[in-house]
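Okay, here's what each chain looks like letter by letter:
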Amino acid sequence: MSRDIRDFKGVIPAVLSIFDQDENLDEAGTRDFIRYLLSFDIGGLYLTGSTGETFLMNSQERMRQVEIVMEEVGDKVPVVVHVGAMSTRASIELARHAEKFGAAGISSVPPFYFKFNEDQIFHYYEDLAGSTSLPMIVYNIPLAGLMTVEQVIRLSEIENVKGVKYTATALYEVPLIRERCKPGFQIYGGCDELGSSNVALGVDGIIGSFYNVIPDLYLKIWQAVKASDVSTAAQLQGKAVHIIMAGLHSGSMMACIKAWLRGGGVPAGYARRPFSNFMPEEERKLLEELCAIDEADGLGLDIVRRIKARA
Ligand code: MN9
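Keep in mind the model is a prediction, meaning the values are calculated, not measured.

> Can you walk me through the site of the ligand in this structure?
Around the ligand, 15 residues are found, and the nearest of them are K165, G190, D192, E193 and S209. A distance of 3.1 Å separates an oxygen atom of the ligand from a polar atom in the side chain of Y139. One nitrogen or oxygen atom from the side chain of T167 is found 3.1 Å from an oxygen atom belonging to the ligand. Considered class by class, the residues forming the shell around the ligand number 6 nonpolar, 6 polar and 3 charged.

Below, the structure is given as structure tokens:
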């Protein structure tokens, strides 16, 4: 039971936003989905990030989602709210709202679209981190333009900046960041494909899309690495990659994860346009593919048990 960022650890879903077929935020579905995630031994929730399709939502919807989720979660696990927006002003508004509703921390991608220079990005984080008393987790992700290690280190010197969510594949940067940032600076792996390697490098947690649907597999990976069972961890990670590839190759990753969950009776809703959803026949194939991977790899996934129970 905690709202402390230092307890934001382990396997952390980058939570899906639950939209109905008409693209409205589904409040009841959101509550049910959060309860589903909380039934696993996850270390926290990361809200309204890329996986939450946040840049397809307006600020009011983002704030409403935070309110609903905070009501469901209470202080069961720490919740970090991604507040990145097109302007510093809009991000600050979201940050203050997250603070008011009990978030353990905030996070943000760097401002993107316009090619802001390093100083402008630095000031964005400085202004945002100074706008509340919450800890800030900087989010370094290729989608918004990767920041250099030097820039991450410079940002770590801002008082409220307490960590980084690092979604790059250049994992050698993880120890570099750790060595050069203040003691206790928290590092989160953001690339699900590299989950076990991130854990082996001693990250505080892994935050990602696929922990919405296969949290049980990643909890096993986490435990295997912690038990120094490298071969089990590598084997399980290889199996997780099969599932990630199926999701990526489907052509609409969030829609695919949502279809898998719905197939198991979990109310995950649909992706928002311009992401596409699947026709019923395509969904059936995606469910079959997931079940086939589970069987071939002997995984016994929770979601597959649910899918089979409904078939
Ligand atoms: O960092 C996620 N990245 C994006 C979070 O949403 C762009 C990851 O969890 C990826 O979705 C995942 C699949 O490539 O690693």
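So much for the structure itself; the text now carries on.
> Hey, could you run me through the pattern of salt bridges in this one?
It is possible for side chains bearing opposite charge to pair when their charged atoms get close. Applying the stated criterion across every chain yields a total of 16 salt bridges. One salt bridge in this structure joins R154 and D119, with 3.0 Å as the shortest N-O distance. With R154 in helix α5 (residues 149–156) and D119 in helix α4 (residues 118–129), this residue pair connects regions lying 35 residues apart in the sequence. Given the relative accessible area of 29%, R154 is considered partly exposed. Given a relative accessible area of 42%, D119 falls into the partly exposed group. A salt bridge links D302 to R306; the shortest N-O distance between them is 2.8 Å. Of this pair, D302 and R306 both sit in helix α12 (residues 302–310), 4 residues apart, which is roughly one turn of the helix. On the accessibility criterion, R306 (32% relative accessible area) is partly exposed. Linked through salt bridges whose partners overlap, the residues forming this network are R31, D32, R35, E71 and E72.

Rules and cut-offs
Residues numbered from 1 in each chain as written. Predicted model: local features only at pLDDT ≥ 70, side-chain atom pairs only at ≥ 80, totals over all residues. Heavy atoms only, no water. Near = heavy atom within 4 Å. Polar contact = N/O pair within 3.5 Å; in protein donor to acceptor, adjacent residues only side chain to side chain. Nonpolar A, V, L, I, M, F, W, Y, C, P; charged D, E, K, R; others polar. Salt bridge = Lys/Arg side-chain N within 4 Å of Asp/Glu carboxyl O. Helix = DSSP H or I, 4+ residues; strand = E, 2+ residues; numbered from the N terminus. Buried < 20%, exposed > 50% of the residue type's maximum accessible area, 1.4 Å probe, protein only.

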